[in-house]
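Commentary on secondary and tertiary structure
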Amino acid sequence: RVVGILFGLIVTGLVFRYIWPEHTIDRLRDALRQALRQLARLLEIPRPDTSVEKAKIEAHALIPETSRTFDQTRRYAELTTFELEESPNRDRTSLGNLEETLSRAEDVFDVATSLVSDEALASWQQLPTAAKIAESELRDAIAKRVECAAASDEREDAGANLSTAFARWTETMQALQVKNSRVALVSQIVTEVQ
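These numbers were taken from a predicted model, which means no experiment stands behind them.

Glancing now at helix α6 (residues 129–150). The end-to-end C-alpha distance of α6 is 31 Å, a good match for the 32 Å that 22 residues give at a rise of 1.5 Å each. Of the residues trailing α6, S152 is marked for its positive phi of about 55°.

So, in structure tokens, the structure goes:
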């Protein structure tokens, strides 16, 4: 019996090590991709062509889902740290990069959540149409940049589009003399994503 148990443990270890390896860092990458995609969708809310009520419903459905995904991603990061204690430095560097991306994404998520609060949506309704369009275009550019990060795509045009949209938005807000907490939140998101 003891020999059978030991043989079973050895075979199981070999299978999971060489034939069918499943590492937590792979799950961490997948969960982070999913969280970034959900964050990109949240950043696009509200849109100038949709009602505030519809934006609230969409945001209030997406926020808990995204929060759960971030929690799961954080758990995978902790498990990966434990798993990589005896692994090469290459994987540790990769884990460090993933944890930094996760931390920044969580910061952006906190601010994006503030942008769809009742107070922020009320200030959205007060914006002139030109300001709404400029902000929406900027948030779309931010969302595309976040989606590129989710796909591990470092295209230069995503950064250039973000810079162009940010310049246009800043110009519009200054021309219309819009100064409220929403402007500060959007600026904070741009800074984090850049």
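Across the junction of I45 and P46, the peptide omega takes the value -5°, indicating a cis bond. Relative to the assigned elements, P46 resides in the loop between α2 (24–43) and α3 (52–83).

By the secondary structure assignment, Q125 is in helix α5 (residues 118–126). Among the residues examined, Q125 registers a relative accessible area of 43% and is labelled partly exposed. Along the backbone, Q125 and P46 are 79 residues apart, and their C-alpha atoms lie at a distance of 9.9 Å. If sequence neighbours within four positions are ignored, Q125 has contacts with V52 and K132.

This brings us to a nonpolar patch on the surface. Taken together, I10, L14, Y18, I19 and W20 make up a surface patch of nonpolar side chains, about 650 Å² in accessible area. With respect to the secondary-structure elements, I19 resides in helix α1 (residues 2–19). A relative accessible area of 68% means that I19 is categorised as exposed.

The biggest cluster of nonpolar side chains holds 52 residues, and the ones touching the most others in it are L39, L42, L43, L138, I142, V146 and I189. At the level of secondary structure, the elements contributing two or more residues to this core comprise α2, α3, α4 (89–115), α5, α6, α7 (156–176) and α8 (181–193). Considering every element that reaches this core, the biggest residue donor is α2, with ten residues. With near-sequence residues (within four places) excluded, I142 lies in contact with L43, L162, I189, V190 and V193.

What the rule picks out here adds up to two aromatic pairs. Centroid distance F70 to F109: 5.3 Å. Interplanar angle 45°. Geometry classified as tilted. Of the two residues, F70 sits in helix α3 while F109 sits in helix α4, which places them 39 residues apart along the sequence. A residue is classified by how much of its surface remains accessible, and F109, at 9% relative accessible area, is buried. Here the aromatic rings of F166 and W169 are separated by 5.9 Å at their centres, their planes lie at 20°, and the arrangement is stacked.

For the rest of this paragraph, the subject is α3. For α3, with 32 residues, the first-to-last C-alpha span of 45 Å sits near the 46 Å given by 1.5 Å per residue. Among all positions in α3, only V52, A55, A59, L62, I63, T66, T69, F70, T73, Y76, A77 and T80 are buried.

Moving on, we come to the pattern of salt bridges. What the rule picks out here adds up to nine salt bridges. Measuring nitrogen to oxygen at the nearest pair gives 3.6 Å for the salt bridge that ties D118 to K56. Of this pair, D118 sits in helix α5 while K56 sits in helix α3, placing them 62 residues apart in sequence. Here E100 and R104 are joined by a salt bridge, their closest N and O atoms 3.5 Å apart. Of the two residues, E100 and R104 both sit in helix α4, four residues apart, roughly one turn of that helix. Judged by its relative accessible area of 44%, E100 is partly exposed. Taken together, the shared-partner salt bridges connect E135, R139 and R182 into one network.

Let's shift gears to the confidence of the model for the chain. Mean pLDDT over the chain: 86, with 92% of residues reaching 70 or higher. Ranking the helices and strands of the chain by mean pLDDT puts α2 first, with 92, and α7 last, with 83.

Procedures and definitions
- Residues numbered from 1 in each chain as written.
- Predicted model: local features only at pLDDT ≥ 70, side-chain atom pairs only at ≥ 80, totals over all residues.
- Heavy atoms only, no water.
- Helix = DSSP H or I, 4+ residues; strand = E, 2+ residues; numbered from the N terminus.
- Expected span 1.5 Å × (residues − 1).
- Buried < 20%, exposed > 50% of the residue type's maximum accessible area, 1.4 Å probe, protein only.
- Contact = heavy atoms within 4.5 Å.
- Patch = residues over 30% accessible without salt bridge, like charges linked within 9 Å, V, L, I, M, F, W, Y side chains within 5 Å.
- Areas by Shrake-Rupley, 256 points an atom, 1.4 Å probe, with all protein chains shown as cover.
- Salt bridge = Lys/Arg side-chain N within 4 Å of Asp/Glu carboxyl O.
- Core = buried A, V, L, I, M, F, W, Y, C linked by side-chain atoms within 4.5 Å.
- Phe/Tyr/Trp six-rings, centres within 6.5 Å; stacked < 30°, edge-to-face > 60°.
- pLDDT = per-residue confidence, 0-100.

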